Structure formats: structure tokens, C-alpha cells
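# Tertiary structure, described
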Amino acid sequence: MNPCEAYLAAKKTVIEAHLQQLLPVTEPAFAPLYKAMNYSLLAGGKRIRPILFLAALEALGKESSVYMDVACALECVHSYSLIHDDLPAMDNDDLRRGKPTNHRVFGEGMAILAGDGLLTFAFELLARQRVADAEKIGACIRVLAHAAGPAGMVGGQAYDLLSEGHGDIGTEGLKLMHRGKTGVIFEAVMSMAGILAAAPAAVRQVLQVYAEQLGLTFQITDDILDACGTEAELGKPVGSDVKNNKATYVTLFSLDKAKQLAQESAQQAVAAVAPLGASARFLRDLPEYLLVRVK
Ligand code: GRG
């Protein structure tokens, strides 16, 4: 295991330990809802958003372990988005992370509510933490709400929904959709770390550029994996983009060009965090790790 993989594994373990105890059943009558929420929240996944958040804090010289609630709020938002994305009215998927999707296990109504519950609970987690002062956490709440909402993830998802079956949204349309669905949350993650660490403007700009380029690497490699990966590797059906006539970096460009673009964005992400020095080692190693998955 190289240092990047070791860091990912160690952080995934602490994040999952924290997630385990976040949503205990306090009202027996609501137990089915909590079961559905915990089913998706604890179903594995890379935990890349909370890991990035903790790594950014550490790169800025901060103790990250005190911000576990904030880190896990990011994963709650992510879990909600996956539950809703899999619904019959959206992608209508049966498998996620190698397990039946939430609505396949608990029914459509409960899956919608599990997503609603996780999204709302994420903001409760942020609002009730007592580590950061009110001004900083207020700023984090604004950043995450903006990124997850209509100007960000929900907007990107709506654009995706409306463009379904039209593989012809063009490069600009593809960028808009990907940035909305994925990129802005990566940007919010890094921005929140910058806020909590009280980083100077120049450092926040470094984090912003890193997030943009890493988000791009992540999106392009995800498109490549959908075209070339296996269901066993990814825990979800592959080839769905082509099947649904969805525009991707592979369909709009070519496999080779997509790989080249992923390489370029990864290089730019690495270059962006160079000024942060040794404490940013994981942030520097991560883009290459994402690329290895599609080599
Ligand atoms: C329903 C409002 C709403 C939004 C859904 C995030 C999203 C928007 C949809 C998920 C579908 C998808 C493939 C989006 C592209 C981003 C992406 C690769 C998500 C999967 O994230 P990973 O790879 O998943 O981090 P794991 O399973 O590792 O947590």
C-alpha cells in the first residue's frame, strides 16, 4: 500500500466509525426511516469528500479530528444525492456500491424520505457543532447549501435530467453538468476547510484551483470507468452512459482524449498545491491515484 492508499484507508476507517454512531434510533416508531438512512450512509464508498476535507485541514496545519461532524455532514449530503439519483424518476438504478439501491430495499417513498432526512441532518450536524465559532460555521453552511442547492448539485442534476437522451449537449453543456453535479461540492469541501482554518485569501485561491482541477479529474475518470470498468470493480452497472445516450467525456471526445484531459487536469491540481509544501502530501498524491484507476 503506498502512502496515498494508506492515508485513504486510515481516514475511511475513522470516518466510518463516526458515521456508525451518528443516527441512532431514538423513537422506535421512526426506526424504519433511520434504517433506510443508515443503510445508504453505512454502505461503503470511497468517502472521498470527507477525506479531502480532513486532508485540506491538515495541509493547512490544523488538527482535523475535531471536525468529524463537519466531515460526516459532507458524506450525508453525498449519500442523499446518491439515493435520489438512483430513484426510478431519475436514473432508475438497482445497484449501488455492490448492494441493492435504497428504493429497491425500502421502497420508493422511504428512499425519498431517507434522502430528505440525510440532507436535512447534514445541516443539523453543522449547526450544532461547537468547535468552530458561529461566524465560521455560518460561512460553511452558506457554502455547502449553495453548492448542494439549485445553483450547484441540484441544478446540475436538473440539467442532466432534461438533457437525458440528448447526447448532443456539447462540451460546454457537459462541463456545466459535471461541475454542477460533482465539481461544486469538491469546491465547497476545500472552501470549508479554508474557512475553518482561517486561511489567507491566497491559500483559499490555491484550494479553489485544486478543487476545480481535482473535480475535473474525478469526473473524467468516472466517465472512463463507466465506459471501460467492470460491474465487479465499481459495484454498479457500467455502460449506463452509452445506454442512456448520455454525453460524457468519452462519448464527446474519445477514450484517448478523455485520458489525456484527465492527465492534464491532474497535473494542474498537483501544481496548484505545490506552494503548501510537505503538509499537502496527500493532496498532491491524490490526483495520480485517481488516474491509476483508469490506466
Ligand atoms: C439527486 C440532487 C441530486 C443530485 C445527484 C451526485 C449526483 C447528483 C449523482 C450521482 C450520480 C453520479 C454518477 C454523479 C457523478 C458524480 C459521482 C461520480 C458520484 C459518485 O461519487 P463517488 O464516486 O461515490 O464518490 P462513492 O460510492 O465512492 O461514495
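Summarised in this report is the structure supplied together with it. Note that the coordinates shown come from a computational prediction; the quantities given were computed from them, not determined experimentally.

## Focus: the site of the ligand
Lys46, Arg49, His78, Asp85 and Arg97 are the nearest of the 18 residues found near the ligand. The separation between an oxygen atom of the ligand and a polar side-chain atom of Lys46 is 2.5 Å. A distance of 2.7 Å separates an oxygen atom of the ligand from a polar side-chain atom of His78. For the ligand, whose unbound accessible area comes to 700 Å², protein coverage reaches 91%. Because more than half of its atoms lie within 2 Å of the grid, the ligand is assigned to the largest pocket.

## What to know about the pattern of salt bridges
Taken as a whole, this structure holds 15 salt bridges when the rule is applied. Notably, a salt bridge pairs Arg96 with Asp85, separated by 3.5 Å at the nearest N-O pair. Of this pair, Arg96 sits in strand β1 (residues 95-96) while Asp85 sits in helix α4 (residues 68-86); the two residues are eleven residues apart in sequence, bridging distant segments of the chain. Like Arg96, the residue Asp85 is buried in the burial classification.

## Regarding the environment of Gly183
By the secondary structure assignment, Gly183 is in helix α9 (residues 170-196). Considered as a pair, Gly183 and Glu212 are 29 residues apart in the sequence and their alpha carbons are 6.4 Å apart. When residues no more than four places from it in sequence are discounted, the contact partners of Gly183 are His178 and Gln219.

## Regarding the packing of helix α1 (residues 3-20) against helix α15 (residues 281-292)
Viewed as axis vectors pointing N to C, α1 and α15 meet at an angle of 105°, and their least axial separation amounts to 9 Å. In terms of orientation, α1 and α15 fall into the roughly perpendicular class. Contacts between α1 and α15 pair Pro3, Cys4, Glu5, Tyr7 and Leu8 from the former with Arg281, Phe282, Asp285, Leu286 and Tyr289 from the latter. When the residues that make up the contact of α1 with α15 are grouped by side-chain class, the tally is seven nonpolar, no polar and three charged.

## Overview of α4
Helix length check: α4, at 19 residues, gives a terminal C-alpha distance of 27 Å against a target of 27 Å (1.5 Å per residue), a fit within 8%. Among the 19 residues in α4, 18 count as buried, and that is most of the element.

Basis of the calculations
- Residues numbered from 1 in each chain as written.
- Predicted model: local features only at pLDDT ≥ 70, side-chain atom pairs only at ≥ 80, totals over all residues.
- Heavy atoms only, no water.
- Near = heavy atom within 4 Å.
- Polar contact = N/O pair within 3.5 Å; in protein donor to acceptor, adjacent residues only side chain to side chain.
- Areas by Shrake-Rupley, 256 points an atom, 1.4 Å probe, with all protein chains shown as cover.
- 1 Å grid on protein atoms, 1.4 Å probe; cavity = no way out; pocket = protein on both sides within 12 Å on 5 of 7 lines; lining within 4 Å.
- Sits in = over half its atoms within 2 Å of the grid points.
- Salt bridge = Lys/Arg side-chain N within 4 Å of Asp/Glu carboxyl O.
- Helix = DSSP H or I, 4+ residues; strand = E, 2+ residues; numbered from the N terminus.
- Buried < 20%, exposed > 50% of the residue type's maximum accessible area, 1.4 Å probe, protein only.
- Contact = heavy atoms within 4.5 Å.
- Axes fitted to C-alpha atoms, helices over the stretch in contact; angles between N-to-C directions.
- Parallel < 35°, antiparallel > 145°, perpendicular 65-115°, else oblique.
- Nonpolar A, V, L, I, M, F, W, Y, C, P; charged D, E, K, R; others polar.
- Expected span 1.5 Å × (residues − 1).

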